[in-house]
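One letter stands for each residue in the lines below.
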Amino acid sequence: MILYGPPATGKDTVAAALTALDPAFALFSRVKVGRGRSAGYRMGSQQQLEDLRAAGAVIYENSRYDSTYVVDRPGLDDAVAAGVPVVHLGQVDGVRALIEGYPAQWLTVLLWCPREITAIRSAGRGDSDTQARLSAWDATLTDLQTNAGFRFDLVIRTDAVSPEEAAERIRQALAEREQQLVLLDFDDTLIDRRTAVTAWVSRYCADHGLAPDVEQRMLEAMRIRADRDVVESLCSDLSLPDSPDEFWSRYEPELAALVQPFPGVVEALTAVREAGHQVVVVTNGGTQIQRAKLMASGIADMVDAVCISEEAGVRKPGRQIFEAAAAAVGRDLALGGWMIGDNAALDVVGGRDAGLRTIWISHGRPWPDGPKPDLITETIVEALAHVHGGAR
């Protein structure tokens, strides 16, 4: 687990309370290169730091108080093997680096207290650099504001609760995380819809002897979304040989027969569910065609529930569809979870606004402008491996 917060918010005392609550929790000792306090650190030399860098064993490093602090892979491997490491970090970039660089079921906890409390605590424990720690408090606030889109799993005000109460909240949150809510987009996340649509349009145009420019216009209209409104417009604008009803009666079953899950999806979904997580498909679209594709692709049998916009009465990115998806498996959206999909606006922005952590499936594309998701992966298999703590 990761404890994030400015100086003197109680990271050490909360970590000690966790260990007292359950000896499996152990403070992770970062490598420290520099002067000053050595308690809680593995003191190292500049040469040792260079060796870690050269070996690619540095997951994250930062400099503060004239020292360099390092989260190293060998040390973290040992800590994970021994129990549940409690890692202290004061930068959101560091939290991201650890989540992305060391796949595991990380719980992120923001510990917070007002600036004046930091000043009192720092002076009370005899720090000689209280002013520097207050500057670090200011920097932490700026860091949070800069990364406003990042969602911590748990936020605790340490000026309002005791270290023991904070530790118990964290323990409960970890217990809840053992069964995570995993919401998944369907089209072009779990199944290769775009390839199927391209194949169907090509076959349709060949069957009717339609010109290449007609095929191209059909593809442009249908690649992202194809519903009855789109079909009616195509039939009218392109003078297609079929009526809208004839077109749709052919398109719906034939497309369903063409869709295939992306490679490795079945195995990845099996692993996530066997790990105890609840998986729900959240998709925009019509009920009949989406359920036909879900059944034909085999995905319907691989998930706990399905939430389709036509049935829910709301489309992504509306918060209500995510609430309905959580309710479908008896979960409260307030407990958090994951939203994974290939659409930045619908899946990432919508999921984040619903209070979920998000993973964007890039398919090799660069991330567009805007706050980034918690994680970007090229494939859904990588994303699902991350969620259930796949092999490092």
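Note: the structure precedes this text.
So, here is what we can say about the structure in this document. (Residues numbered from 1 in each chain as written. Predicted model: local features only at pLDDT ≥ 70, side-chain atom pairs only at ≥ 80, totals over all residues. Heavy atoms only, no water.)

**Section: the sheet that holds strand 12 (residues 305-308)**
If you trace the six strands from one edge of the open sheet to the other, you get 12-11-10-13-14-15, paired in parallel fashion. Edge positions in the open sheet fall to strand 12 and strand 15 (375-377), since each of these has one partner strand only. Direction aside, neighbouring strands of the sheet carry axes that sit 20 degrees apart on average. With three bridges joining them, strand 14 (residues 357-361) and strand 15 adopt parallel strand pairing. Following the sheet pairing, I359 is matched in strand 15 by L375. Together, strand 10 (181-184), strand 11 (278-283), strand 12 and strand 13 (338-341) form the strand contacts of helix 15 (residues 319-327), whose direction differs from that of strand 11 by roughly 145 degrees. (Pairing = 2+ DSSP bridges. Helix = DSSP H or I, 4+ residues; strand = E, 2+ residues; numbered from the N terminus. Axes fitted to C-alpha atoms, helices over the stretch in contact; angles between N-to-C directions. Contact = heavy atoms within 4.5 Å.)

**A look at the sheet that holds strand 3 (residues 30-33)**
Pairing within the open sheet is mixed, and its four strands lie in the order 4-3-6-5. Looking at which strands have only one partner, the edges of the open sheet turn out to be strand 4 (41-43) and strand 5 (58-64). The sheet shows a mean angle of 30 degrees between the axes of neighbouring strands, direction not considered. Of the strand pairs in this sheet, strand 3 and strand 4 are connected by three bridges, and their pairing is parallel. Counterpart to K32 in the pairing with strand 4 is M43.

**Topic: the pattern of salt bridges**
Counting across every chain of the model gives 21 salt bridges. Here R133 and D129 are joined by a salt bridge, their closest N and O atoms 2.9 Å apart. Assessed through its relative accessible area of 22%, D129 is described here as partly exposed. With a shortest N-O distance of 2.4 Å, R228 and D245 are connected by a salt bridge. A residue pair is termed long-range when its members are at least 10 positions apart, and R228 in helix 10 (residues 228-237) and D245 in helix 11 (residues 244-258) qualify at 17 residues. Here D245 falls in the exposed class, since its relative accessible area comes to 54%. Ionic contacts of the salt-bridge type, sharing partners, join the residues R125, D127, D129 and R133 into one network. (Salt bridge = Lys/Arg side-chain N within 4 Å of Asp/Glu carboxyl O. Buried < 20%, exposed > 50% of the residue type's maximum accessible area, 1.4 Å probe, protein only.)

**Focus: the nonpolar core**
Among the nonpolar cores identified, the biggest contains 50 residues, and M218, M222, F247, Y251, I299 and I340 are the most heavily contacted of them. It is helix 8 (residues 193-208) that contributes the most residues to this core, six residues altogether. Beyond its immediate sequence surroundings of up to four residues, F247 is in contact with W200, Y204, M218, M222, V231, C235, L240 and D242. Y60, V71, L89 and L98 belong to the second-largest nonpolar core, a separate cluster that totals 22 residues. (Core = buried A, V, L, I, M, F, W, Y, C linked by side-chain atoms within 4.5 Å.)

**Observations regarding the pairing of strand 8 (residues 108-112)**
With five of its five residues buried, strand 8 lies for the most part within the structure. By the bridge criterion, three bridges tie strand 1 (residues 2-4) to strand 8 in an arrangement that is parallel. Along strand 8, the bridge assignment pairs L3 with V109. Direction of pairing for strand 8 relative to strand 9 (residues 154-157): parallel, over a ladder of four bridges. Across the sheet, the residue bridging to L110 is V155, located in strand 9.

Distances and angles like these do not, on their own, reveal function.
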